[in-house]
Amino acid sequence: MKAFTAVLLSLLLTWVLNAKQGDVPPMGKFLSPFRGFWQNAEREQDFPARQTLTLPGLQQPVQVRFDDKRVPHVFAQNDHDLYFAQGYLTARDRLWQMEFQTHVAAGRLSEIVGEKRLETDRFFRRMGLPYGAKRSLAVMMADPTTRTVLESYSAGVNAYIHSLTPATLPFEYKLLNYAPEPWQPLKCALLLKFMAWDLSGRTDDLRLSNILNKYGPGVVKDLFPDYPLREDPIVPVGAPLDFKPVPVPPTPKEFSAELSNNTPRNEPDAELGSNNFAVSGSKSATGFPLLANDPHLQLNLPSIWYQIQLSAPGVNVYGVTIPGAPTVIIGFNSDVAWGVTNVGADVLDWYQLKFKDATQREYWHDGRWKPIRRVVERIKVRGQVDRLDTVLYTHHGPIVYDHDEKPFLSQTPIRHAMRWTAHDGANEVLAFYRLNRAHSYPDYTAALSTYGSPAQNFIFADAGNDIAIWPNGRFPLKWRDQGKFILDGTNPAHDWQGWIPQPQNPHVKNPGRGFVSSANQFSAGPDYPYYLGWEFAPWDRGHRINQRLARMTSATVDSLRLLQNDNLGINAQLMLPRMLALLRGQSLSPAQQQVTQALSRWNYFYDAAAIGPTVFELWYKTLLKQLWEDDFGAQAGAEMRYPSRDRTNTLVLKEDHSPWVDDRRTPAVETLPQLARQSFQFAVDSLQRKFGPLSPQWNWANQKSTDILHLAQLPGFGRMDIVCGGGAGIVNATSERNGPSWRMVVALGPQVHAFGVFPGGQSGNPGSAHYDDLIETWRLGQLNELIFLRSATEANPRVSTAWSLTSQ
């Protein structure tokens, strides 16, 4: 009996240790010295200085050299082998990251983590990310060039997957107890759609419709104007048009959507943005253009970007790419450099529908009932039976939620159809393929012609001394304010009725001021003939960049690097004197007086050790809440949003007696000085509770607390409380969780020189020294020189590792 019990217990223990128990990994496998996470600690012999790898599928030998930052420099003899090698090497460093993100975009997280992510999966499927990815894939696979790129890249990823053993699986697979699946070109398209969701999935249609219904068009025109008072657009006002505009559809009769109580939450972060700028040779020390780019995205480990050099007949390019997507996204070659920032145009609209009956089989449009297409989604759930979910489609796009239920993101209107550019097929890969091979301005404009979504501000410079910028992508041809509010789904006049012709997208080449730039602000001034949206990023970053570029002469790489790290707070410079003036004559405690004195001495720079930004940001944020919460906050009825910062600033600066100042929830009539006093007291009290009496502990880095988390937010695998300056709305846009995800400066000329860094490392393996080895350089605002090899045999003291890839 004892023997039987011992055997039974041993079997039970073996099962427990090798099966996943809820969120706990199978500890037997996970802790095994032979196949567990110990095996992921990278040893010197795991990365030999010389080796030959046999990779069936290659057509000819490929040479790969690695520099001291572990950046691969790939030299292939044809396109197939070039992208095969890119897929293999990227997967070797980042397989889990690239595969995990495609599971998110495809609505397949439940396969990995179980039922708790079922609503996430339903949401991304209902938002149509897989639907849009399949449509783009069809366009890309119909082109022989991009078909080769996607199939070769996928084959390279699969070559790495096939080489894995239980011991060499990336750490996260062991923790979550699953295995990678074969890579397909569809996954590359899914990654691009996931980026489109991140950068163009924001919408205010619902909240503005609620405001229109509650307060009327006069208030909307006053508090939510189509163009701000302060703006410094990407294409300068007055830039001549080099095209004849096409007619814009007429504005139909006014339509009022129903009120909705849905609460907008968890939207894409408004701080997501980017900077790019280029100066012409007339403003540089060398007489050749300089170009800089720093895309601002969520800060994660593994890093969102992966550095690589790709060389084959017809191409030799260096830059960063998104793991899982082929070609270089931001980079340079010997002749040109380019970069991107997000446009932020209104490319996602909602249509209120009229169904024939409760079965929701037909909807009314253009004077007749039209059928609704029903698509059944099968969602695999780990450890459970598959779930079926039916998504309804109209000619606009999916009805994301078709009956009363709690949406995953409650900004999503129920029983409304969605129209989004990310659902339209386009060949973004071809755009980057051509940019990688560009030599001149005509090559650059030809490359942009196939790009669809998410719309980006493509900045450009070449060694021939051309500089240019194109806010580029597919923009619907809209009547003014179309999509600012919920649209009428029964009226064809509310449909999207075509596109702005791509050659007529905003653009400027070699402007007289000697520079081009973007920081997510308005693409063009009010003189641009088409409507792109009513709100873009505040003017602060763009204005500050243009201020400094306008003064710049004999610019060098360091001039642009220092501009990328500029910490001046334009909004604080504008508003703090007025806010301090509002306190004058009011009774302040000694501690509060001490704080006002500190603020008066502040130079408006958001440096890590500064105290001014700590107080100002909390004070300003509280003042805004006191101004608008009673009128546009959660308790005001239907869910709405606050007016823009530009409009709020105008009120605080010039409209002392505005009726919006009064807090309608109190019997008294409040004044601006009273609100300033109350919000200041709140800020000081809060900081005293957090840090004690005014001291260096109040420094901005402590208050902001920049964190770089693991992509799956695994504790211990991120970098917390990084001491650095910057902030939202600052050129150095480093905030709590977002920041410059890649800083690059390129000096063009007879021989190109480039510099760059991202906050992480080349490897996605936490057990590698290259997991986060670039963070300190990034934190200090410094850049590494990027090694651009002209040949596979070029000598360089920082390039000591050389591998050969062959098929035999």
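Here is what the cut-offs are and how they apply
Residues numbered from 1 in each chain as written. Predicted model: local features only at pLDDT ≥ 70, side-chain atom pairs only at ≥ 80, totals over all residues. Heavy atoms only, no water. Helix = DSSP H or I, 4+ residues; strand = E, 2+ residues; numbered from the N terminus. Buried < 20%, exposed > 50% of the residue type's maximum accessible area, 1.4 Å probe, protein only. Contact = heavy atoms within 4.5 Å. Areas by Shrake-Rupley, 256 points an atom, 1.4 Å probe, with all protein chains shown as cover. Lys, Arg positive; Asp, Glu negative; His and termini not counted. Charge placed at Lys NZ, Arg CZ, Asp CG, Glu CD. 1 Å grid on protein atoms, 1.4 Å probe; cavity = no way out; pocket = protein on both sides within 12 Å on 5 of 7 lines; lining within 4 Å. Points joined across faces, edges and corners; volume = space filled by probe spheres on them. Nonpolar A, V, L, I, M, F, W, Y, C, P; charged D, E, K, R; others polar. Pairing = 2+ DSSP bridges. Axes fitted to C-alpha atoms, helices over the stretch in contact; angles between N-to-C directions. Core = buried A, V, L, I, M, F, W, Y, C linked by side-chain atoms within 4.5 Å. pLDDT = per-residue confidence, 0-100. Salt bridge = Lys/Arg side-chain N within 4 Å of Asp/Glu carboxyl O. Phe/Tyr/Trp six-rings, centres within 6.5 Å; stacked < 30°, edge-to-face > 60°. Polar contact = N/O pair within 3.5 Å; in protein donor to acceptor, adjacent residues only side chain to side chain.

1. Side note on the overall build of the protein
Move 1: The helix and strand tally for the protein stands at 22 helices and 29 strands.
Move 2: Each principal axis of the C-alpha distribution contributes one length, and for the protein these read about 80 × 70 × 65 Å.
Move 3: Expressed as a percentage of its 808 residues, the buried residues of the protein come to 61%.
Move 4: Of the contacts formed within the protein by residues at least 6 apart in sequence, a portion of 71% connects residues at least 24 apart.
Move 5: Working note: accessible area of the protein is about 31,200 Å², and carbon and sulfur atoms make up 54% of it.
Move 6: One way to put it: in the protein the 80 positive side-chain charges average out to a point 3 Å from where the 78 negative ones average out.

2. Focus: empty space enclosed by the protein
Move 1: Counted under the stated rule, the structure contains 7 cavities of 30 Å³ or more.
Move 2: Roughly 240 Å³ of volume is contained in the largest cavity.
Move 3: Lining of the largest cavity is provided by 21 residues; of these, Met195, Leu199, Trp305, Val340 and Gln456 occupy positions nearest its centre.
Move 4: Elements with a minimum of two residues in the lining of the largest cavity: helix 9 (185–200), strand 4 (273–279), strand 5 (290–298), strand 10 (336–342) and helix 12 (428–436).
Move 5: Among the residues making up the lining of the largest cavity, the classes are represented as 13 nonpolar, 7 polar and 1 charged.
Move 6: Roughly 50 Å³ of internal volume is contained in the second largest cavity.
Move 7: If you go around the second largest cavity, the residues you meet are Asp67, Lys69, Val71, Gln307, Tyr318, Gly756, Asn784, Glu785, Leu786, Ile787 and Arg798.
Move 8: Residues belonging to the lining of the second largest cavity are distributed by class as follows: 4 nonpolar, 3 polar and 4 charged.

3. Things to note about the side chain of glutamine 86
Move 1: Of note, glutamine 86 is situated in helix 3 (residues 79–106).
Move 2: Residues contacting glutamine 86, with those up to four places away along its chain left out, are Tyr153, Ile308, Leu310, Thr321, Ala325, Pro326 and Thr327.

4. So, the sheet that holds strand 29 (residues 799–806)
Move 1: The strand order across the open sheet formed by 11 strands is 1-29-2-3-7-8-9-10-18-19-21, and the pairing between neighbours is mixed. Two strands lie at the open edges of the sheet, namely strand 1 (50–54) and strand 21 (508–509), each paired on one side alone.
Move 2: Across 6 bridges, the pairing between strand 2 (residues 62–67) and strand 29 is antiparallel. Pairing of valine 62 across the sheet is with leucine 805, part of strand 29.
Move 3: Sheet strands touched by helix 3: strand 1, strand 2, strand 3 (72–75), strand 7 (306–312), strand 8 (315–321) and strand 29. Its angle to strand 7, the strand with the most contacts, is close to 160°.
Move 4: Relative to strand 19 (residues 467–472), helix 13 (residues 441–448) is tilted by about 5°, and along the sheet it contacts strand 18 (456–462), strand 19 and strand 21.

5. Observations regarding the nonpolar core
Side chains that are nonpolar tend, in soluble globular proteins, to be buried together.
Move 1: Membership of the largest hydrophobic core comes to 166 residues, with the highest contact counts inside it found for Leu95, Trp305, Phe332, Trp420 and Tyr444.
Move 2: Among the elements that make up this core, the one with the highest residue count is helix 3 (14 residues).
Move 3: Apart from the residues lying within four places of it in its own chain, the contact partners of tryptophan 305 are Arg94, Pro295, Leu297, Val320, Thr321, Ile322, Pro323, Ile329, Ile330, Ser741, Trp742 and Phe758.
Move 4: Within the second largest apolar cluster, 53 residues are counted, among which are Leu568, Leu627, Leu651 and Ile730.

6. Section: the pairing of strand 11 (residues 348–352)
Move 1: Most of strand 11 sits out of view: 5 of its 5 residues are buried.
Move 2: Residues Leu348, Trp350 and Gln352 of strand 11 are buried on one face, and the alternating residues Asp349 and Tyr351, pointing to the opposite face, are buried as well.
Move 3: Note that strand 11 and strand 17 (residues 416–420) share 5 bridges and pair antiparallel. For tyrosine 351, the partnering residue across the bridge sits in strand 17 and is alanine 417.
Move 4: Taken together, the 2 bridges between strand 11 and strand 20 (residues 487–488) define a ladder with parallel strand orientation. Bridge pairing links tyrosine 351 to leucine 487 in strand 20.

7. Let's talk about unusual backbone geometry
Move 1: In this chain, leucine 301 is followed by proline 302 through a cis amide linkage whose omega measures -5°.
Move 2: Within the secondary structure, proline 302 sits in the loop between strand 6 (300–301) and strand 7.
Move 3: The step from serine 453 to proline 454 runs through a cis peptide bond, and the omega angle for that step is -5°.
Move 4: At aspartate 366, a position not held by glycine, the phi torsion is positive, near 55°.
Move 5: Examined against the element boundaries, aspartate 366 turns out to sit in the loop between strand 12 (362–365) and strand 13 (368–371).

8. A short note on the confidence of the model for the protein
Move 1: With 92% of its residues at a pLDDT of at least 70, the protein reaches an overall mean of 91.
Move 2: Predicted confidence for residues 6–16 stays below pLDDT 50, and this span has 2 contacts to residues more than four positions away or in other chains.
Move 3: Counting interchain partners and residues more than four positions distant, the pLDDT-below-50 stretch residues 259–268 has 34 contacts.

9. Concerning the pattern of salt bridges
Move 1: This model, assessed by the stated rule, comprises 33 salt bridges.
Move 2: Two residues, lysine 187 and glutamate 181, come together in a salt bridge whose shortest N-O distance is 2.8 Å.
Move 3: Glutamate 181 gets classed as partly exposed once you look at its relative accessible area, which sits at 21%.
Move 4: Notably, a salt bridge pairs aspartate 663 with arginine 665, separated by 2.9 Å at the nearest N-O pair.
Move 5: For aspartate 663, a relative accessible area of 11% gives the class buried.

10. Notes on helix 19 (residues 645–654)
Move 1: Among the 10 residues in helix 19, 7 count as buried, and that is most of the element.
Move 2: Turning to helix 19, its buried residues are Asp646, Arg647, Thr648, Asn649, Thr650, Leu651 and Val652.
Move 3: Contacts from the buried residues of helix 19 go to helix 11 (217–223), helix 16 (570–583), helix 18 (612–632) and helix 20 (672–691).

11. Section: the packing of aromatic side chains
Move 1: Applying the stated criterion across every chain, the model contains 40 aromatic pairs.
Move 2: Between phenylalanine 123 and phenylalanine 124 the ring centres are 5.5 Å apart and the planes differ by 70°, which places this aromatic pair in the edge-to-face class. Neither residue differs from the other here; phenylalanine 123 and phenylalanine 124 are each classed as buried.
Move 3: Geometrically, the ring pair formed by phenylalanine 123 and tryptophan 197 is edge-to-face, given 5.6 Å between the ring centres and 70° between the ring planes. With phenylalanine 123 in helix 5 (residues 118–126) and tryptophan 197 in helix 9, this residue pair connects regions lying 74 residues apart in the sequence.
Move 4: Taking the relative accessible area as the measure of exposure, tryptophan 197 reaches 10% and is therefore buried.
Move 5: Three or more aromatic residues link up through ring pairs in this structure, and these residues are Tyr215, Phe224, Trp534, Trp628, Phe632 and Trp660.

12. What to know about the environment of leucine 435
Move 1: Relative to the helices and strands, leucine 435 resides in helix 12.
Move 2: In this structure the C-alpha to C-alpha distance between leucine 435 and glutamine 564, which are 129 residues apart in sequence, comes to 24 Å.
Move 3: Once residues within four sequence positions are removed from consideration, leucine 435 is found in contact with Asn333, Val336, Trp338, Tyr444, Ala447 and Phe458.

13. Points about the sheet that holds strand 24 (residues 719–722)
Move 1: Here we have 3 strands laid out as an open sheet, ordered 6-23-24, and mixed in their pairing. With one partner strand each, in any of the chains shown, strand 6 and strand 24 form the two edges of the open sheet.
Move 2: By the bridge criterion, 2 bridges tie strand 6 to strand 23 (residues 706–710) in an arrangement that is parallel. Paired with leucine 301 across the bridge in strand 23 is histidine 710.

14. As for the environment of aspartate 402
Move 1: Here aspartate 402 shows up in the loop between strand 16 (398–399) and strand 17.
Move 2: Reaching out from aspartate 402, the side chain makes a polar contact with the side chain of arginine 126 at a distance of 3.4 Å.

15. Some thoughts on the environment of valine 237
Move 1: Secondary-structure assignment places valine 237 in the loop between helix 11 and strand 4.
Move 2: Judged by relative accessible area, valine 237 falls into the exposed class, the value being 55%.
Move 3: Sequence-wise, valine 237 and proline 526 are 289 residues apart; in three dimensions their C-alpha atoms are separated by 7.5 Å.
Move 4: Apart from the residues within four sequence positions on either side, valine 237 is in contact with Gly525, Pro526 and Asp527.

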